[in-house]
Amino acid sequence: MERTLAKAAIEAILFAMGDAVEISRLADAIEEDVRTTRSILEEMGREYQQEGRGISITQLDNAVQLCTKAELYEYLIRIAKAPRKMVLTDTVIETLSIIAYKQPITRVEIERIRGVSCDHAINKLLEYDLIMELGRMDAPGRPLLFGTTQQFLRCFGVGSLEELPELSTVQIEEFKQQAEAEVQMQLDI
């Protein structure tokens, strides 16, 4: 396929899908190999930057998505309804970080790490599409397994889970102390 047509096809697919599309699926669609498709995507990304366009190509793991450039957000909200703002409390962020670093993980394992119930936090994270159910563990009761989503990667500006910063022992100790303080607050109520 001619390169200009391949770019147009990729752009049309990404626009129509709205979500991230695996690079291998794009390669199949334009009848090219993955390496060539990556090259075309990189070229498209450079062109979007050079031409001062309102969109960019964001890579998430082995998938890509068309996204509005962050610096143009103020213009977007003039037309669109004000987007629902996520409210991530310390408890929700702590639960999300446990899931991000330990996935796939069950609710019971999260609660064991935190020392308190995490039903509310998990429900909020599911509502905000930051985590998803990955399936069920092959164990008694078949508990649900949770992991992060591509929305999580977009929100936190990382391309893959490998880009997450490493946790230091000090941070791990702080998480434990916060969880213990939360347990004590719930016991005092």
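Residues numbered from 1 in each chain as written. Predicted model: local features only at pLDDT ≥ 70, side-chain atom pairs only at ≥ 80, totals over all residues. Heavy atoms only, no water.

## Regarding the overall build of the protein chain
Here is step 1: Along its length, the protein chain carries 9 helices and 6 strands.
Here is step 2: Expressed as a percentage of its 189 residues, the buried residues of the protein chain come to 31%.
Here is step 3: Sequence separation of at least 24 residues holds for 50% of the intrachain contacts in the protein chain that already meet a minimum separation of 6.
Here is step 4: Accessible surface for the protein chain amounts to roughly 12,100 Å². Of this, 53% is attributable to carbon and sulfur atoms. (Helix = DSSP H or I, 4+ residues; strand = E, 2+ residues; numbered from the N terminus. Buried < 20%, exposed > 50% of the residue type's maximum accessible area, 1.4 Å probe, protein only. Contact = heavy atoms within 4.5 Å. Areas by Shrake-Rupley, 256 points an atom, 1.4 Å probe, with all protein chains shown as cover.)

## Points about the nonpolar core
Here is step 1: Counting residues in hydrophobic clusters, the biggest one holds 22 residues, and the most contacted among them are Ile99, Ile110, Leu125, Ile131 and Phe152.
Here is step 2: When contributions to this core are tallied by element, the ones reaching two or more residues are helix H5 (90-102), helix H7 (119-127) and helix H8 (150-155).
Here is step 3: If one sorts the elements of this core by residue count, H5 sits on top with 5 residues. (Core = buried A, V, L, I, M, F, W, Y, C linked by side-chain atoms within 4.5 Å.)

## Quick word on the pattern of salt bridges
Here is step 1: Inspection of the entire model under this criterion finds 9 salt bridges.
Here is step 2: Across the pair arginine 114 and glutamate 94 runs a salt bridge, and its minimum N-O distance is 3.1 Å. With arginine 114 in helix H6 (residues 107-114) and glutamate 94 in helix H5, the pair connects residues that are 20 residues apart, well separated along the chain. Like glutamate 94, arginine 114 is buried.
Here is step 3: Between arginine 107 and aspartate 119 there is a salt bridge, with its nearest N and O atoms 2.7 Å apart. With arginine 107 in helix H6 and aspartate 119 in helix H7, the pair connects residues that are 12 residues apart, well separated along the chain.
Here is step 4: Residue arginine 107 is classed as partly exposed on the basis of its relative accessible area, which comes to 26%. (Salt bridge = Lys/Arg side-chain N within 4 Å of Asp/Glu carboxyl O.)

## With respect to the packing of aromatic side chains
Here is step 1: Inspection of every chain in the model, using the stated rule, returns 1 aromatic pair.
Here is step 2: Ring geometry for phenylalanine 152 versus phenylalanine 156: centroids 5.1 Å apart, planes at 40 degrees, classification tilted.
Here is step 3: The buried category is assigned to phenylalanine 152, whose relative accessible area is 4%. (Phe/Tyr/Trp six-rings, centres within 6.5 Å; stacked < 30°, edge-to-face > 60°.)

## Here we look at unusual backbone geometry
Here is step 1: Here the residue pair glutamine 103 and proline 104 is connected by a cis peptide bond, since its omega of -5 degrees sits within 30 degrees of zero.
Here is step 2: Within the secondary structure, proline 104 is located in the loop between H5 and strand E4 (105-106).
Here is step 3: Of note, the phi angle at glutamate 31 is positive, near 55 degrees, even though the residue is not glycine.
Here is step 4: Unusually for a residue other than glycine, arginine 142 sits at a positive phi of about 45 degrees.
Here is step 5: Considering the arrangement of structural elements, one finds arginine 142 in the loop between strand E5 (131-136) and strand E6 (144-148).

## Brief notes about helix H1 (residues 3-17)
Here is step 1: In a regular helix each residue adds 1.5 Å, so 15 residues correspond to 21 Å; H1 covers 21 Å between its end C-alpha atoms and thus fits that length.
Here is step 2: Ala6, Lys7, Ala9, Ile10 and Leu14 are the residues of H1 that are buried. End-on view of H1: buried residues confined to an arc of 165 degrees, all on one side of the axis. Residues of H1 that are exposed and point over 90 degrees away from its buried face: Thr4, Phe15 and Ala16.
Here is step 3: Elements that come into contact with the buried residues of H1 comprise strand E1 (21-22), helix H2 (23-30), helix H3 (34-50) and strand E3 (63-68). (Expected span 1.5 Å × (residues − 1). Arc of directions from axis to C-beta.)

## As for the pairing of E6
Here is step 1: Counting buried positions over the 5 residues of E6 gives 4, a clear majority of the element.
Here is step 2: Pairing between E4 and E6: 2 bridges, direction antiparallel. Counted as the bridge partner of threonine 106 is leucine 145 from E6. (Pairing = 2+ DSSP bridges.)

## Here we look at the sheet that holds E4
Backbone-to-backbone hydrogen bonds pair the strands of a sheet. The strands run either parallel or antiparallel.
Here is step 1: In space, the 3 strands of this open sheet follow the order E4-E6-E5, with antiparallel pairing throughout. Each having just a single partner strand, E4 and E5 make up the two edges of the open sheet.
Here is step 2: The sheet contact formed by E5 and E6 spans 5 bridges and is antiparallel. The partner of isoleucine 131 across the bridge, within E6, is threonine 148.
Here is step 3: Sheet contacts for H7: E5 and E6; angle to E5, the most-contacted strand, approximately 105 degrees. (Axes fitted to C-alpha atoms, helices over the stretch in contact; angles between N-to-C directions.)

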